[in-house]
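Summary of the model geometry
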Amino acid sequence: MNAAVATSVFGAFMVLTVALGLLAVRRKGTEKGRPAGLAEWSVGGRSLGTVFIWVLMAGESYTSFSYLGAAGWGYNSGAPVLYVLAYMSCGYALGYVVGPMLWAYARRHGLVGITDMIAHRYRAPWLGAAVALLATVCLLPYIQLQITGMGVVVSTISYGAISINWAYFLSFAVTTGFVVISGLRGSAWVSVLKDVLVIGTLGFLAVYVPLHYFDGYGPFLDRLVAEKPQWLTFPGHDSGGLGQVWFVTTTLVNSLTVVIFPTTVAGYLGARNAEALRRNALYLPFYNVLLFVPMLLGMAALFVVPGLTGADSNLALFTMVVDSLPAWAVGLVGVAAALSSIVPMAVFMLVIGTMWGRSVLGAIPRLHKGAAGAASGDGGGEAAGGRQKLWSQLVVVGAGALALLLTYTAPDTLVRLSLISYEGMAQLVPMLLLGLVWRRLTLHAAVSGLVAGFTLVCVLVFGGHDPVWGMNAGIVGLAVNVVVALAVTWLGPRAADGRPDAEVLALDDEFPRDGVPSRGAPVSPPASS
């Protein structure tokens, strides 16, 4: 009976999730009588307001990690898990500046992602394709992690009635279905539902669990301080050397990385104007307060369900939920956790599809020949944009299917790749951000720095040397990246680039307070619209 009730609640909300995606595309399916192009599908037509941008970008922060990993870290290590709060808050502060800059640059030149921006900045379509390949390697593990996370949640809340393999497939099918149809706008609409459930369930659990198991926070915290003090200080318990230096360097490198992470940039580019991004940067840190709940409840589980080891520690929170709540409430918490997998997974898949549809497949002359018609006004540009959208949607299905297949057959492959996901993406920071504010950074320098930094990160991480000297390997790789890029810029060849600064750089007057670029030339329409 418990399984039937919980799965019924879960199933009803999954149907509602797909319906929201369909409703989003129904309302914005056409513009001026024409089919929606790649820009509408991939960045919501650059028309999302503050509320939708807030819930969408918060949705990327609240993944299955919020219910599983954060509680698991709290259960296993304690204090080091606070790095998540630190880097996200610092990243939002950086996003106050970086978000409007990238939004204005992309809007001016009709770009839809970081691979587009890099290809445009360095006049090298091949580089955009190469970055798309690199980013895909770093993003695929996140899709696999969300599939796994949702599978664990669904299997747990169904009291074992739904096998974990079927739960994996359900995660893939629901996410792929609505993101292929509705794109970024559908993800934003579903994020509203997810956020209502996340705030409600975590707020309830923050009060309920301490009262139910400890008679309040006072007795719980007194017991935690008396019996588990090592969980409350660095380097935490059994944390593998995650001390203060690791905390600071991880916060620094992750805060830099999160502002140029392809999924974050997709949120930036979906905004209606730059001011919406500034307001969003002010509001998002308030959402982070909720992350204290699973972290703290993970430590509460030390006393309620002691002895969890390995992957089972990630179930610390859900073990208490299933043990103490009625089935309908278990179903609601499960829906919130499942949507916390679906929304970010949808954006990851959408971003991979957009990168490949635009920068890889869209850069192949034979496939992209229709784009030439844009200049002559024969509608070829619109047709090319339609083809890019179709390729992107096909890649979404392919990327999700690949992640699902590897989840079934070789999960360790993507788990190992996930070790370098953030540290690897960090190596794009100089190429993108430094390149958009410093014209002297050359193509050779940016590529040399990227190769040096990424190679060093792979050697350190896969060689078992992360942390290195107590520092996050990503910050070491980033330092080498910058040094190499500067050295090659000053000592290497300087290719002539006759374009004006407004064509190459993201300038201050491109993103004034009202969010409308003001440099003389009119803003280019999105190339895919």
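What you see is a predicted model, and the numbers here were worked out from it, not measured in a lab. (Residues numbered from 1 in each chain as written. Predicted model: local features only at pLDDT ≥ 70, side-chain atom pairs only at ≥ 80, totals over all residues. Heavy atoms only, no water.)

Take the pattern of salt bridges next. The final tally for this structure, using the stated rule, is 8 salt bridges. A salt bridge links Asp501 to Arg439; the nearest nitrogen and oxygen atoms lie 2.7 Å apart. Of this pair, Asp501 sits in helix α24 (residues 501-504) while Arg439 sits in the loop between α21 (429-437) and α22 (443-462); the two residues are 62 residues apart in sequence, bridging distant segments of the chain. Classification of Asp501 as partly exposed rests on a relative accessible area of 38%. Look at Arg439 and you get partly exposed, because its relative accessible area is 27%. Ionic contacts of the salt-bridge type, sharing partners, join the residues Arg123, Arg439, Asp497, Arg499 and Asp501 into one network. (Salt bridge = Lys/Arg side-chain N within 4 Å of Asp/Glu carboxyl O. Helix = DSSP H or I, 4+ residues; strand = E, 2+ residues; numbered from the N terminus. Buried < 20%, exposed > 50% of the residue type's maximum accessible area, 1.4 Å probe, protein only.)

Ranked by internal contacts, the top residues of the largest apolar core, which has 165 residues, are Tyr67, Leu102, Met117, Ile143, Leu428, Met431 and Leu433. Discounting residues that sit within four places of it in the chain, Met431 has contacts with Ile118, Tyr122, Leu127, Val131, Leu441, Ala446, Val447 and Leu450. (Core = buried A, V, L, I, M, F, W, Y, C linked by side-chain atoms within 4.5 Å. Contact = heavy atoms within 4.5 Å.)

Put simply, Phe234 and Pro235 share a cis peptide bond, and its omega is 5 degrees. Of note, the bond from Asp466 into Pro467 is cis; its omega dihedral lies within 30 degrees of zero at 5 degrees. The residue Pro467 is located in the loop between α22 and α23 (473-491) in this model. One non-glycine residue, Arg123, lies in the positive phi region at around 50 degrees. Note that Arg123 resides in the loop between α7 (114-122) and α8 (125-157).

The next point concerns the packing of helix α6 (residues 83-109) against helix α12 (residues 262-269). Helix-helix packing is characterised by the crossing angle of the two axes and by the distance between the axes. The interhelical angle for the contact between α6 and α12, taken along N-to-C directions, is 70 degrees, at an axis separation of 9 Å. Relative to α12, the element α6 lies roughly perpendicular. As α6 packs across α12, the resulting crossing turns out to be right-handed. Contacts between α6 and α12 involve Gly95, Gly99, Leu102, Trp103 and Ala106 from the former and Val265, Tyr268 and Leu269 from the latter. Residues of the contact of α6 with α12, tallied by class, amount to 6 nonpolar, 2 polar and no charged. (Axes fitted to C-alpha atoms, helices over the stretch in contact; angles between N-to-C directions. Parallel < 35°, antiparallel > 145°, perpendicular 65-115°, else oblique. Left-handed = near helix turned anticlockwise from the far one by under 90°. Nonpolar A, V, L, I, M, F, W, Y, C, P; charged D, E, K, R; others polar.)

As a packed pair, helix α15 (residues 316-324) and helix α16 (residues 327-360) sit with axes 9 Å apart at the nearest point and diverge in direction by 155 degrees. Between α15 and α16, the interaxial angle falls into the category roughly antiparallel. Two secondary-structure elements touch here, α15 through Phe318, Val321 and Val322 and α16 through Val330, Val333, Gly334 and Ala337.

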